Amino acid sequence: MSTPKKALPSCSTRSSRRSALNRQLRALSIAVAVAALSPNALGACQHVVRSEWGTGYVGAIVITNPTSVPINGWSVSWRYATNRVTSAWNANLSGSNPYTATSLSWNGSIPPGQSVEFGFQANKNGGAAEQPTVSGAACAVSGPTPPPTGPINVPGLHTLAAFPIGVAVNAGNEPRSLLRNDARGAAERAAVERHFDSLTPGNIMKMSYLHPEQNTFTFAQADELVNYARAHALRIHGHTLVWHADYQIPNWMRSYSGNWNTMLQSHVRTIVARYAGRIGSWDVVNEAFADDGDATAVNGYRNSLFLQKMGPGYIQQAFIAARAADPNAVLYYNDYNIEAGQQKFTRVLAMVDDFKARNIPIDGIGMQMHINIEWPSTTQIKDAMRRVVQRGLKVRISELDIPVNTFANPNRYATFTAEAAQRQEAKYREVVAAYLEVVPANLRGGITVWGLYDSDSWLIALYGRPDWPLILNDELQNKPATRGFASALTGVP
Ligand code: XIL
């Protein structure tokens, strides 16, 4: 572990580590309220949605100064297709689509490396929350620093591994769909096909997408992705049959008053059976356990709708139904915050032991691994993987991203400096090397990164701050992180 000591304050004591985890828990649960959105692919101004509801959202525009000289006064403009701003704060707003916002006396100067933001409320006008490009002199400053060592030549990562190397992708009607018919879409597909041999749909196979009404399943978007994957020899990992997150539980299910066992089994069975032979592995249940310190937990379980309606038995019901629908599919339980010695992980393992004792089917554990360059330690990560391997279960690193800004140090890097890139490279290398060291070949379900290129990462909107958590930059070029990943796979430093 090459992390400098001073970068680890949040992990140095138990209680501070716990509060970092609580922050992570809060942030992750905010995720469920935050719609999928992305900042501009490049540039220093980001349009972010802070919270969204049926007809509107609260948004912010974050202006970052990545240069070494102060910005004194700013003015930015943007235009929507259908959305309209109804009020704004912390800026002078003028115009009515396009809008222009200028700084106030107290927030006009942005020191090097710092950000300012202003907020607004918008009406969606019947459309989706949009992601307009924000322009202005303050946004035209150069984007992420290029990799410090020039072009980085790394073979396609999947060619270096005997297990799946995957990426989470947008598809269907989502913004930035991988399958969109333009030059950028084609470039993204080329990058996917170069490095990966497995795709996880980031959203479009969640409950509300596939099962929007009690008696209606909508498979068109998922089918399109499955067909693309098959045409390019990519496997699909199905994500996810049962998940607590509010934004993707269909409304009808929230008020469902029939037999929940029958309903949930039919939900799982219908989806798994449809893709039997085409989708080889599933996250059957996602995030069923509560985080350490969650006061709303019920016997360690997350107090989800499913728990309230069915008790903890919903988890086994889902696994049994999935196995019956496709006996060949590899079935995972998937969760975050289980790679650093958390009590939550102990509860997951107790469930595994109980399932094995009672012959409830389960084949593997998905460790999401939304980690960062400072946390957790390699020892903690290896210990966690080992405890899964000891039970004969497969291990997937299912949602890997490694931001360079952390809870302890949220504003450490306003630009992607050579130092940040190097520390991130080291962490990617450590994680992949730990996986190879601890997980025997027959239990390697694969490693999936959660997004294709840096500004594609869900974390930027989630935390509302700049970061570069993934293995390709916004130009879809390799980063030092790509090299770190590759060198762990080949064993060549
Ligand atoms: C995230 C998606 O990436 C976002 O686009 C969406 O807004 C929220 O969900 N754990 C999971 C994933 O299992 O499904 C989540 O995906 C990230 C956290």
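Criteria and thresholds
- All residue numbers here refer to positions counted from 1 along the written sequence of the relevant chain.
- Local features are withheld for residues below a pLDDT of 70 in this predicted model, meaning they are given only at 70 or higher, and side-chain atom pairs are given and counted only at 80 or more; totals for whole chains, interfaces and linings count all residues.
- The side-chain values count all of the structure's non-hydrogen atoms but skip hydrogen atoms and water molecules.
- Being near a molecule or strand, for a residue, comes down to having at least one heavy atom within 4 Å of it.
- We call two N or O atoms a polar contact when they sit within 3.5 Å, provided that within protein one can donate a hydrogen and the other can accept it, with sequence-adjacent residues counted only if both atoms are side-chain atoms.
- Using a 1.4 Å probe, the Shrake-Rupley method yields the accessible areas, and only the shown protein chains count as cover for residues.
- Residues are grouped as follows: nonpolar covers Ala, Val, Leu, Ile, Met, Phe, Trp, Tyr, Cys and Pro; charged covers Asp, Glu, Lys and Arg; every other residue, Gly included, is treated as polar.
- Lines are fitted to the C-alpha atoms to define the axes, a helix being fitted only along its stretch in contact, and any angle between axes, read from their N-to-C directions, falls within 0 to 180 degrees.
- Per the convention used, a helix needs a DSSP run of H or I reaching at least four residues, while a strand needs a run of E reaching at least two, with both numbered from the N terminus.
- Each crossing gets its handedness from the near helix: less than a right angle anticlockwise from the far helix is left-handed, clockwise is right-handed.
- Every residue pair with non-hydrogen atoms within 4.5 Å of one another is taken to be in contact.
- Relative orientations are named as follows: roughly parallel for angles under 35 degrees, roughly antiparallel for angles over 145 degrees, roughly perpendicular for angles from 65 to 115 degrees, and oblique for any other angle.
- Confidence scores labelled pLDDT are given residue by residue by the predictor and lie between 0 and 100.
- Strands are labelled as partners when DSSP assigns at least two bridges between them.
- Pairs were defined over the aromatic rings of Phe, Tyr and Trp, the Trp ring being its six-membered one, requiring ring centres within 6.5 Å. Orientation was assigned from the angle between planes: stacked under 30 degrees, edge-to-face over 60, tilted for the rest.
- A 1.4 Å probe rolled over the protein chains alone gives each residue an accessible area, and that area as a share of the maximum for its type sets the label: buried under 20%, exposed over 50%, partly exposed in between.
- Only when the NZ atom of a Lys or the CZ atom of an Arg is both within 6 Å of the ring centre and within 35 degrees of the ring normal do we say a charge sits over the ring.
- Throughout this description, the term salt bridge denotes a Lys or Arg side-chain nitrogen within 4 Å of a carboxyl oxygen of Asp or Glu.

A few words on the site of the ligand. The immediate surroundings of the ligand are formed by 15 residues, with Lys206, His239, Asn286, Glu399 and Trp450 found nearest. Between the ligand and glutamine 368, the relevant distance is 3.2 Å, taken from an oxygen atom to a side-chain nitrogen or oxygen of the residue. Taking tryptophan 450, its side chain carries an N or O atom lying 2.9 Å from an oxygen atom of the ligand. Across the complex, the protein chains shield 93% of the 410 Å² of accessible surface that the ligand would expose by itself. Partitioned by chemical class, the residues of the shell around the ligand number seven nonpolar, five polar and three charged.

Time to look at the packing of helix α6 (residues 260-274) against helix α8 (residues 313-325). Axis separation between α6 and α8 bottoms out at 8 Å; the angle between their running directions is 35°. When you trace α6 past α8, the crossing you get is right-handed. Taking contact as the criterion, the partners of Asn261, Leu264, Gln265, Val268, Arg269, Val272 and Ala273 in α6 are, on α8, Tyr314, Gln317, Ala318, Ala321, Ala322 and Ala325. A class-by-class count of the residues in the contact of α6 with α8 yields nine nonpolar, three polar and one charged.

What follows deals with unusual backbone geometry. With an omega dihedral of 5°, the bond running from asparagine 97 to proline 98 counts as a cis peptide bond. Relative to the assigned elements, proline 98 resides in the loop between β6 (92-94) and β7 (99-102). Of note, the amide linkage connecting tryptophan 375 to proline 376 takes the cis form, showing an omega dihedral of -5°. Along the chain, proline 376 falls in the loop between β15 (364-367) and α10 (378-389). The phi dihedral of asparagine 90 falls on the positive side, at around 65°, and the residue is not glycine. As for its placement among the helices and strands, asparagine 90 is situated in the loop between β5 (84-89) and β6.

Packing of α10 against helix α11 (residues 418-438) brings their axes to within 10 Å, and their N-to-C directions diverge by 30°. Relative to α11, the element α10 lies roughly parallel. Crossing of α10 against α11: the hand is right-handed. Listed contacts from α11 to Thr378, Ile381, Lys382, Met385, Arg386 and Val389 of α10 are Lys427, Glu430, Val431, Ala434, Tyr435, Glu437 and Val438.

In this model, the protein chain carries a mean pLDDT of 89, and residues with pLDDT of at least 70 account for 89%. In this model, residues 1-22 is a region of pLDDT below 50 whose contacts with residues beyond four sequence positions or in other chains number 35 contacts. A low-confidence stretch, residues 25-43 stays under pLDDT 50, and its non-local contacts, those more than four residues away or across chains, total 47 contacts.

What follows deals with the sheet that holds β15. Taking strand neighbours around the barrel as the criterion, the eight strands line up as β10-β11-β12-β13-β14-β15-β16-β17 in a closed arrangement whose pairing is parallel. Taking the axes of each pair of neighbouring strands and ignoring which way they run, one obtains an average angle of 25° across the sheet. Sheet topology places strand β14 (residues 330-335) next to β15; four bridges connect them, and they run parallel. Within β15, the residue paired with tyrosine 333 across the bridge is isoleucine 365. The sheet contacts of α8 involve β12 (235-243), β13 (281-286) and β14, and relative to β13 the element is tilted by about 165°.

Attention now moves to the packing of aromatic side chains. The tally for this structure, following the rule as stated, stands at 20 aromatic pairs. For the pair phenylalanine 217 and phenylalanine 219, a centre-to-centre distance of 5.8 Å together with 10° between the ring planes defines the contact as stacked. The exposure class of phenylalanine 217 is partly exposed, given its relative accessible area of 23%. Taking relative accessible area as the criterion, phenylalanine 219 reaches 12% and is therefore assigned buried. Taken together, the ring pairs connect Tyr57, Trp74, Trp78, Tyr80, Tyr99, Phe118 and Phe120 into an aromatic cluster. When the ring centre of tyrosine 332 is taken as origin, the NZ or CZ atom of arginine 396, which lies over that ring, is 5.7 Å away. Residue placement shows arginine 465 over the ring face of phenylalanine 407; its charged tip is 5.9 Å from the ring centre.

The strand order across the open sheet formed by four strands is β1-β2-β9-β5, and the pairing between neighbours is antiparallel. The sheet is open, and its two edges are formed by β1 (45-52) and β5, each paired on a single side. The average angle at which neighbouring strand axes cross in this sheet is 30°, direction not considered. Alignment of β5 against strand β9 (residues 115-123), held across five bridges, turns out to be antiparallel. Residue valine 85 lies in a different strand from β9, and its bridge partner there is alanine 122.

Only one face of β7 is buried, namely the one carrying Tyr99 and Ala101, since none of Thr100 and Thr102 on the opposite face is buried. Both strand β4 (residues 75-78) and β7 contribute to a ladder of four bridges, which runs antiparallel. Within β7, the residue paired with valine 76 across the bridge is alanine 101. In sequence, β6 turns back onto β7 through a hairpin of four residues, with glycine 95 there showing a positive phi of about 85°.

Turning next to the pattern of salt bridges. If you walk through the whole model with that rule in mind, you get 22 salt bridges. Put simply, arginine 386 and aspartate 383 hold a salt bridge, and the shortest N to O gap is 3.1 Å. Placement of the pair is arginine 386 and aspartate 383 together in helix α10, with a separation of three residues, close to one helical turn. Here aspartate 383 falls in the partly exposed class, since its relative accessible area comes to 36%. Here arginine 429 ties to glutamate 425 by a salt bridge, and the two come within 3.0 Å at their closest N and O atoms. Residue arginine 429 and its partner glutamate 425 are located together in helix α11, separated by four residues, close to a single helical turn.

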